[in-house]
Amino acid sequence: MPPRLAPSPGFRLNSGMKQLMRALFCLFCGVASAVAEGEARSTIPLSVRQGGFDGARLYAPVRIGGVLGSMRLDTGASTSRLALAGWNKDFPVLGASASQGASGVATQCDDVEIPGIALKASQGNDIARMRHEATRCPAGEDLLGLNFLRGARFSLDIAPGELSFFDAAPGDRRPRPFRLLGPEALLGVDARAGDAAIIGLFDTGAEICAVDRRFVEKHKKLFVPVAETGAAQDAGGKALASKVYKLKKLDLGEGRVFRDLYVLSYDFGALREALGGRTSFIFGANLLRKLRWDIDLTTKDAPSWDAKAK
């Protein structure tokens, strides 16, 4: 039996009241008021929980009011997500939405306002936000979504477990634009799988990379079967029919070439519709951990990335 990957790579779709397809890959409007130009470096220690097939789950230390805990770092979630609990049951409700997992099963959730939230720093100041919006669902993991990071510039290095804000831009930085995906402007990375041009969702909430089954069927020579079942689940805990392969070659450009990368394959379904037909990959932690990422989300319409091999 292969190692289990549940909960799966954070693939969630959200159909909200304000938008017909609003990703629960959730979005954000600006980073904490504590984020200021030229402020000293702040380092957030990440807890890295190793998984099967070189995968990992990333957790950040968080304080919400007087409650200390951790949330899973999930750039594939447009807004943060909370599981309903006694400590958050009285948060102001802003609206309602239906969270639809990759399996197609929908869960009714509340959109709530967190009165104050901070990432606890091991170096420098905590990174805080007031009135942070989140989706509160009956169950599931607590996720720190992309909306917490909007408006900030930061680096991500999974190997030592560090999320750092306010770093000076590297002198050799060669930024490449993210491709904005879907109505929630999630972060897409242009790449090549073999000779095929692809787009991959930049998703720290994905334990390992994933590929749409349709792409595998069209490019079978790029994949080597590894396991007949990946035992993956969607955000609501529903099992997904999946297989594990090795992708022979993935090229992110500038010499960033990776071979024999583990990928989970299943039918993207509604995810495909929400992100666009060309987004055939999810770039998860087993890929992201191979590089040190420099992410600039200070410009809403022109976010960029650079990454250096270790």
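Report follows, based on the coordinates. (Residues numbered from 1 in each chain as written. Predicted model: local features only at pLDDT ≥ 70, side-chain atom pairs only at ≥ 80, totals over all residues. Heavy atoms only, no water.)

Concerning the overall build of the chain
Scanning the chain for helices and strands turns up three helices and 25 strands. By residue count, 54% of the 310 residues in the chain fall in the buried class. Across the chain, contacts joining residues at least 24 apart in sequence account for 68% of those joining residues at least 6 apart. For the chain, the accessible area works out to roughly 12,900 Å², and carbon and sulfur atoms hold 51% of it. (Helix = DSSP H or I, 4+ residues; strand = E, 2+ residues; numbered from the N terminus. Buried < 20%, exposed > 50% of the residue type's maximum accessible area, 1.4 Å probe, protein only. Contact = heavy atoms within 4.5 Å. Areas by Shrake-Rupley, 256 points an atom, 1.4 Å probe, with all protein chains shown as cover.)

Some remarks on the nonpolar core
Counting 77 residues, the largest nonpolar core has Leu119, Phe165, Phe223, Leu252, Phe283 and Trp293 as the members making the most contacts within it. In terms of residues, this core owes the most to one element, strand E22 (residues 257–266), which gives six residues. If we skip the residues at most four places from it in the chain, phenylalanine 283 touches Val189, Ala191, Ile198, Gly200, Leu201, Phe202, Asp203, Cys209, Leu250, Leu252 and Leu288. (Core = buried A, V, L, I, M, F, W, Y, C linked by side-chain atoms within 4.5 Å.)

Regarding the environment of lysine 290
Positionally, lysine 290 belongs in the loop between helix H3 (285–288) and strand E24 (291–296). In this structure the C-alpha to C-alpha distance between lysine 290 and lysine 310, which are 20 residues apart in sequence, comes to 6.9 Å. If sequence neighbours within four positions are ignored, lysine 290 has contacts with Phe258, Leu261, Ala309 and Lys310.

Focus: the state of the cysteines
Scanning all chains against the criterion turns up one disulfide. The disulfide that involves cysteine 109 links it to cysteine 137, with 2.1 Å between the sulfurs. Judged by the torsion about the S-S bond (105°), the cysteine 109/cysteine 137 disulfide is right-handed. With cysteine 109 in strand E8 (residues 106–119) and cysteine 137 in strand E9 (residues 127–137), the pair connects residues that are 28 residues apart, well separated along the chain. Judged by its relative accessible area of 3%, cysteine 109 falls in the buried class. Overall, cysteine 137 belongs to the buried group, its relative accessible area being 1%. (Disulfide = S-S within 2.5 Å.)

Observations regarding the packing of aromatic side chains
Under the counting rule described, the total for this entry stands at 11 aromatic pairs. Residues phenylalanine 154 and phenylalanine 165 carry aromatic rings whose centres are separated by 5.8 Å and whose planes lie at 40° to one another, so their mutual orientation is tilted. Taken as a pair, phenylalanine 154 in strand E11 (residues 153–157) and phenylalanine 165 in strand E12 (residues 162–165) lie far apart in primary sequence, 11 residues in all. Comparing phenylalanine 154 with phenylalanine 165 shows no difference in burial state: the two are buried. Note on phenylalanine 178 and phenylalanine 202: the rings are 5.8 Å apart at their centroids and 70° apart in plane angle, and the pair reads as edge-to-face. Of this pair, phenylalanine 178 sits in the loop between strand E13 (176–177) and strand E14 (179–181) while phenylalanine 202 sits in strand E16 (residues 196–202), placing them 24 residues apart in sequence. Each member of the pair, phenylalanine 178 together with phenylalanine 202, is buried. Here a set of aromatic residues connected by ring pairs shows up, and it is made of Phe215, Phe223, Tyr245, Phe281 and Phe283. Over the ring of tyrosine 59 we find arginine 49; its NZ or CZ atom is 3.9 Å from the centre of that ring. (Phe/Tyr/Trp six-rings, centres within 6.5 Å; stacked < 30°, edge-to-face > 60°. Lys NZ or Arg CZ within 6 Å of the ring centre and 35° of its normal.)

Regarding the pairing of strand E6 (residues 80–83)
Of the two faces of E6, the one holding Ser80 and Leu82 and the one holding Arg81 and Ala83 are both buried throughout. Taken together, the four bridges between E6 and E9 define a ladder with parallel strand orientation. Within E9, the position partnered with alanine 83 by the bridge is cysteine 137. (Pairing = 2+ DSSP bridges.)

So, the side chain of aspartate 296
Considering the arrangement of structural elements, one finds aspartate 296 in strand E24. As a buried residue without a salt bridge, aspartate 296 has its nearest oppositely charged side chain in arginine 153, at a separation of 4.3 Å. Polar side-chain contacts of aspartate 296 include one of 2.5 Å to the side chain of threonine 298. Beyond its immediate chain neighbours, meaning those up to four positions away, aspartate 296 contacts Ala152, Arg153, Arg173, Pro303 and Ser304. (Lys, Arg positive; Asp, Glu negative; His and termini not counted. Salt bridge = Lys/Arg side-chain N within 4 Å of Asp/Glu carboxyl O. Polar contact = N/O pair within 3.5 Å; in protein donor to acceptor, adjacent residues only side chain to side chain.)

Comments concerning unusual backbone geometry
Backbone geometry at arginine 131 places phi at a positive 55°, although glycine is not the residue there. In this fold, arginine 131 is placed in strand E9. With phi around 55°, alanine 185 is a residue other than glycine that occupies positive phi space. Along the chain, alanine 185 turns up in the loop between E14 and strand E15 (186–193).

Structural notes on the pattern of salt bridges
Within this structure, the stated rule accounts for 13 salt bridges. Arginine 272 is the salt-bridge partner of aspartate 267, the closest N and O atoms lying 2.4 Å from each other.

Comments concerning the sheet that holds E13
Whether parallel or antiparallel, the strands of a sheet pair through hydrogen bonds between backbone atoms. Reading across the sheet, the six strands line up as E2-E12-E11-E24-E25-E13 and stay open at both edges, with antiparallel pairing between neighbours. One side of each edge strand has no neighbouring strand; the edge strands of this open sheet are strand E2 (42–45) and E13.

Section: the side chain of threonine 43
As for its placement among the helices and strands, threonine 43 is situated in strand E2. Sequence-distant contacts of threonine 43, defined by excluding residues within four places in its chain, comprise Ala121, Ser122, Gln123, Glu162, Leu163 and Ser164.

Limitation: the analysis is restricted to geometry and does not speak to function.
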